[in-house]
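# Fold and geometry: a report
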Amino acid sequence: MLEDAIIKEKLAVFGGSKVVPDGAIKPWPPIDDVDRKMVLASLEGGSHTYGPNCQALEKEFAEWNGNKHVLTCNSGTAALHMAVVGCGCGAGDEVIVPAYTWPSSATCCLHHNVIPVFVDIDWETMNIDVGRIEAAVTPRTKVIMAVHLHGLMVDMDAVMAVAAKHKLKVIEDCCQAHGAKFRGRKAGTIGHCSAFSCNQNKCLCSGEGGFFVTNDEAILEKGKTLWYFGEHRPPEATGGYHAYGMGWMYRNTDLTAAFARAQLTRLDDYLVRQKANAERLTECLAEVPNLILPTTPAGCEHNFYNYTFRFDMEALGHARDAKSFRDKLVKALNAEGAQTGVWQGWPVPEMTVFQAKDAYGKGCPWCHGRPVDYSLDQYPVARKHCDWHTGMTTPLRSPNGPEVAELVAGAFAKVMGNVEQIEKVEV
Ligand SMILES: Cc1ncc(COP(=O)(O)O)c(C=O)c1O
């Protein structure tokens, strides 16, 4: 079937006809009457700040994920910051972070004068290279940030073993990992505390929002100090409207929580469909040349938040100009209607704030710690991944079905089967 698609024909980027017709890929997230009813009820209810829907959402997400404590907040970044504080980090302490992730996994540390130390990723899983974590531990290390990227969980047995050996805490960044599993255990139930995001693109979407989750009462109490203005009272305190400590404003709103509650009723169905669509895409792409498809290690259940894979730039003869050739391929694929992209094009330590080592001015927070080295030759795998990958979310999400995965695979088959035209694509 796909062999038929690998024919010499004019690419859509040069005026040929598109493989994926306009409108074939439905947008994310699906909205139905449950969403409308719940959001309108919140609107007409009396409390639009942290209200009854927020409290109900916390209970429902705790039940869904199997956590003791859930605080809903206004972003995954806020939840990560609460996690860093919950784990007892302070000025000059270090957190081990993968060199390839969303910047918040590292900038959440800066907000508390804490210093990220980056570890390269593993080529197969695209997650932190667990074999390199221990070498990054110093007397200042407090936390390992285990980011479950693209919806594939890190080898948590390996992470927890290093943490136990060095008496470190583990934060799971589950912003992309709702419902993903490692050896039967859900993301957000293994580390000391975790952060989830509910932003527009996430598997559980409420526009913005997030959860700080933990089973540890002490971590909850410490993290909570940030949640609203530093007003969270220690048990011995009495008065209100008083900053007992350094606080931000990280609470969720009732309207957003109502939306999240409605979406949560369908999350399991979304995840089943996403996984089936990803499996269909993998089957179809297996016939397409010069792609390196994602693999799922034994014991892991991927949620395929982002179906990310690589062009084989060696085989294509473009190892030296991989980034620009990849960008041409992605442009040609999108002209075919594939809706594939480049999620994150930089290793995090390459980003300006880290290279400058200046977040709050005057070299803060790095001035509080020991000197750290962010030279990029330490992250060869992350750098290669940045230049070789592409990935997609919406085409594999509900309400899209396997027929959309087949169409998208057809776009890849056409572009990769006509790769000699790619040089001429202008980016
Ligand atoms: C891995 C990861 N961590 C953290 C975040 C931050 O989440 P939010 O956008 O809700 O602040 C994201 C979201 O994009 C993410 O993908």
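These notes cover the structure that comes with them. Counting restarts for each chain: residues are numbered from 1 in the order of the written sequence. It should be noted that, the model being predicted, local features are given only for residues of pLDDT at least 70 and side-chain atom pairs only at 80 or more, the latter also being counted only at that level, while totals for whole chains, interfaces and linings use all residues. With hydrogens and water stripped out, all remaining heavy atoms of the structure feed into the side-chain values.

## Section: the site of the ligand
Surrounding the ligand, one finds 16 residues, the nearest of these being Gly76, Thr77, Asp173, Gln176 and Ser197. Under this definition, polar contacts are N or O atom pairs within 3.5 Å; protein pairs additionally need one hydrogen-donor-capable and one acceptor-capable atom, and for neighbouring residues in sequence, both atoms have to be side-chain atoms. Between an oxygen atom of the ligand and a side-chain N or O atom of serine 197, the distance comes to 2.7 Å. For the ligand, the accessible surface in isolation is 390 Å², of which the surrounding protein chains cover 93%. Secondary structure counts use DSSP, requiring at least four H or I residues in a row for a helix and at least two E residues in a row for a strand, with both numbered from the N terminus. With 3 residues, the single largest contributor to the shell around the ligand is helix H4 (residues 76–86). Classifying every residue of the shell around the ligand gives 4 nonpolar, 10 polar and 2 charged. Residues are counted as near a molecule or strand when any one of their heavy atoms sits within 4 Å of it. Using a 1.4 Å probe, accessible areas were evaluated by the Shrake-Rupley method; residue-level cover was limited to the displayed protein chains. Residue polarity is assigned by list, with Asp, Glu, Lys and Arg as charged and Ala, Val, Leu, Ile, Met, Phe, Trp, Tyr, Cys and Pro as nonpolar; anything else, Gly included, falls into the polar class.

## Concerning the packing of helix H9 (residues 267–285) against helix H14 (residues 402–417)
Here an axis means a line fitted to C-alpha atoms, over the contact stretch when the element is a helix, while the angle between two N-to-C directions is reported on a 0 to 180 degree scale. Where H9 contacts H14, the two axes come as close as 9 Å, and the packing angle between them is 30°. One way to sum up the angle between H9 and H14 is to call them roughly parallel. Here the hand of the crossing between H9 and H14 comes out right-handed. Only Pro402, Ala405, Glu406, Val408, Ala409 and Phe412 of H14 make contact with H9, whose side of the interface consists of Asn277, Arg280, Leu281, Cys284 and Leu285. Broken down by class, the residue content of the contact of H9 with H14 amounts to 8 nonpolar, 1 polar and 2 charged. We call two directions roughly parallel when the angle between them is under 35 degrees, roughly antiparallel when it is over 145, roughly perpendicular when it lies between 65 and 115, and oblique otherwise. Helix crossings get a hand from a simple test, with the near helix turned counterclockwise from the far one by less than a right angle marking a left-handed crossing and a clockwise turn marking a right-handed one. Note on definitions: a residue-residue contact is assigned when non-hydrogen atoms from the two residues lie within 4.5 Å.

## Observations concerning the sheet that holds strand E1 (residues 69–73)
For two strands to count as paired, DSSP must find a minimum of two bridges between them. Strand order in this open sheet of 7 strands is E1-E9-E8-E5-E4-E2-E3, and the pairing throughout is mixed. The open sheet has two free edges, formed respectively by E1 and strand E3 (115–119), since each of these has just one partner strand. Each strand of the sheet is rotated relative to its neighbour by a mean of 20°, with strand direction disregarded. The pairing of strand E8 (residues 193–197) with strand E9 (residues 210–214) spans 5 bridges and is classified as antiparallel. Note that in E9 the partner of serine 197 across the bridge is glycine 210. H4 rests against E1, strand E4 (141–147), strand E5 (169–173), E8 and E9 of the sheet, and its axis sits at about 170° to E8. Lying on the sheet, helix H7 (residues 217–224) is in contact with E1, E5, E8 and E9; it crosses E9 at an angle near 145°.

Honestly, it's all geometry; don't read function into it.
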